[in-house]
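Descriptive structure summary
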Amino acid sequence: MSVVPPTVTDMATLPNPLPKLATDPTGTALGLQLPPGRLLDATDEGPWHEPLLWLADVPAAPGAWAAVEPARHTAGLLPVVIDVGGSQGAPEGWELMPGEMSYPGDHDAEEVLEDFWYECVTKEDAKWPGLANAPTPTTASAPDSATGSAPEPDPDTVATDIADALVDGGGPLKAPRLALVPARRSADIPAAIGWSGPMNHENDTARLCAVLRSWEDRFGIRVVALGFDHLLASVASPPTTLAEAEAVAAEHFAFCPDNIWQDSDTTIRAYAENQLLNQPVWHFWWD
């Protein structure tokens, strides 16, 4: 299989420091002390022209996320927890498709949400009560920070806490491993590795990353974990009123309708109350 050539997506990203780890596996030159791990370049069409991510060979433990924090500042490598315990195993079996991804910055989050919204609402199995009469999602909603005097939580600190809880058995991950991905921002991680988890909803994951960017700006989210077909994000500033939560619930439906369709008895209000209101974690799953 021939090596895949660079694309426009690559030119829109930062230089990839991962090849340095081939001769410096502990990352000393990057100010790190990495556990045993490997560089992955496997895609659905053969080896990529450069490593897509570094993946630890040992189970992640509390403190692992914080230990690689220097890589964010010195090398542009962002941490993410990879769940290798699913039926597809490690990312080598995930059908990564970086060549199919555009650049997240080329998409408007509100336009993406509107496109998804109308596509999902018109499907025959869209039986979410009240959905057809609900307003289309917009990116205008955000928590009202003026209602309190407490300082806003730091998104990276919240992400660290959530990552520690996940690898300590406090979440849906079966076999968490720490990974490092070259990306401009946390929201871009799925597209940067060519993640195809939402394939049945959207082939170009960069469009979903545009929505993640919007949530990153408005709610302080960070992409903390990826599995073969699911994504988990920490949320530093979640909706604090039911009205805000209901507005974001519409965005979640457009972004990941399977979150709603897998529970046919739920409603906009119930989803907002149970999954979004003051919740520091958002979990998405695509069938």
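These remarks concern the structure in this document. Since this is a predicted model, take the numbers as computed values, not measurements.

1. Notes on the overall build of the protein chain
- The helix and strand tally for the protein chain stands at ten helices and nine strands.
- Evaluated residue by residue, the protein chain yields a buried proportion of 53% over its 287 residues.
- Accessible surface, the protein chain: about 12,500 Å² in total, of which carbon and sulfur atoms supply 51%.

2. Quick look at the nonpolar core
- Among the nonpolar cores identified, the biggest contains 56 residues, and Ile-82, Leu-212, Trp-215, Leu-226, Leu-231, Phe-255 and Trp-282 are the most heavily contacted of them.
- Ranked by size, the runner-up nonpolar core spans 14 residues in total, among them Ala-60, Ile-162, Val-167 and Leu-232.

3. Looking at helix H8 (residues 242–255)
- Along its 14 residues, H8 runs 19 Å from first to last C-alpha, staying within 8% of the 20 Å computed at 1.5 Å per residue.
- With respect to burial, H8 is a largely interior element, ten of its 14 residues being buried.
- The complete set of buried residues in H8 reads Glu-244, Ala-245, Val-248, Ala-249, Ala-250, Glu-251, His-252, Phe-253, Ala-254 and Phe-255.
- Packed against the buried residues of H8 are helix H4 (109–121), helix H7 (205–219), helix H9 (258–261), helix H10 (268–276) and strand S9 (281–285).

4. Topic: the packing of H4 against H7
- Remark: H4 packs on H7, axes separated minimally by 8 Å, with the N-to-C direction vectors making an angle of 120°. The angle between H4 and H7 places the two elements in the oblique class. Considering the relative orientation of H4 and H7, their crossing is left-handed. Each of Ala-109, Val-112, Leu-113, Asp-115 and Phe-116 in H4 lies in contact with H7, whose residues at this interface are Arg-207, Leu-208, Ala-210, Val-211 and Ser-214.
- Looking at the contact of H4 with H7 residue by residue, the classes come out as seven nonpolar, one polar and two charged.

5. Here's the deal with the pairing of strand S6 (residues 176–182)
- Here S6 lies mainly inside the structure; seven of its seven residues are buried.
- Burial along S6 is two-sided: Pro-176, Leu-178, Leu-180 and Pro-182 facing one way and Arg-177, Ala-179 and Val-181 facing the other are all buried.
- Taken together, the two bridges between strand S4 (residues 53–56) and S6 define a ladder with antiparallel strand orientation. Bridging from a neighbouring strand, Leu-55 pairs with Ala-179 of S6.

6. Re the pattern of salt bridges
- A complete count under the given rule lists twelve salt bridges for this structure.
- What you see here is one network of salt bridges that share partners, running through Glu-69, Arg-72, Asp-156 and Arg-222.

7. Here we look at the side chain of Thr-160
- Tracing the backbone shows Thr-160 in helix H5 (residues 155–167).
- Thr-160 sits in the buried class, given a relative accessible area of 14%.
- Apart from residues no more than four positions distant in its own chain, Thr-160 is found in contact with Trp-65 and Ala-66.

8. Quick notes on the environment of His-252
- Here His-252 lies in helix H8.
- Using a relative accessible area of 1% as the deciding quantity, one classes His-252 as buried.
- Measuring from C-alpha to C-alpha, the distance between His-252 and Trp-117 comes to 9.7 Å, with 135 residues separating the pair along the chain.
- When residues no more than four places from it in sequence are discounted, the contact partners of His-252 are Trp-215, Pro-257, Tyr-271, Leu-276, Trp-282 and Phe-284.

9. Quick notes on a negative patch on the surface
- Judged by side-chain charge, Asp-44, Glu-45, Glu-95 and Glu-100 come together as a negatively charged surface patch.
- Relative to the helices and strands, Glu-100 is located in the loop between strand S5 (77–83) and H4.
- On the basis of relative accessible area, Glu-100 is assigned to the partly exposed category, the value being 48%.

10. Regarding H4
- With 13 residues, H4 ought to run about 18 Å at 1.5 Å a step, and its terminal C-alpha atoms sit 18 Å apart, in line with that.
- Along its buried surface, H4 packs onto H7, H8 and H9.
- Here H4 starts with a cap whose side-chain oxygen sits 3.2 Å from the backbone nitrogen of Glu-110, and that cap is Asp-108.

Scoring rules and cut-offs
Residues numbered from 1 in each chain as written. Predicted model: local features only at pLDDT ≥ 70, side-chain atom pairs only at ≥ 80, totals over all residues. Heavy atoms only, no water. Helix = DSSP H or I, 4+ residues; strand = E, 2+ residues; numbered from the N terminus. Buried < 20%, exposed > 50% of the residue type's maximum accessible area, 1.4 Å probe, protein only. Areas by Shrake-Rupley, 256 points an atom, 1.4 Å probe, with all protein chains shown as cover. Core = buried A, V, L, I, M, F, W, Y, C linked by side-chain atoms within 4.5 Å. Expected span 1.5 Å × (residues − 1). Contact = heavy atoms within 4.5 Å. Axes fitted to C-alpha atoms, helices over the stretch in contact; angles between N-to-C directions. Parallel < 35°, antiparallel > 145°, perpendicular 65-115°, else oblique. Left-handed = near helix turned anticlockwise from the far one by under 90°. Nonpolar A, V, L, I, M, F, W, Y, C, P; charged D, E, K, R; others polar. Pairing = 2+ DSSP bridges. Salt bridge = Lys/Arg side-chain N within 4 Å of Asp/Glu carboxyl O. Patch = residues over 30% accessible without salt bridge, like charges linked within 9 Å, V, L, I, M, F, W, Y side chains within 5 Å. Lys, Arg positive; Asp, Glu negative; His and termini not counted. Charge placed at Lys NZ, Arg CZ, Asp CG, Glu CD. Polar contact = N/O pair within 3.5 Å; in protein donor to acceptor, adjacent residues only side chain to side chain.

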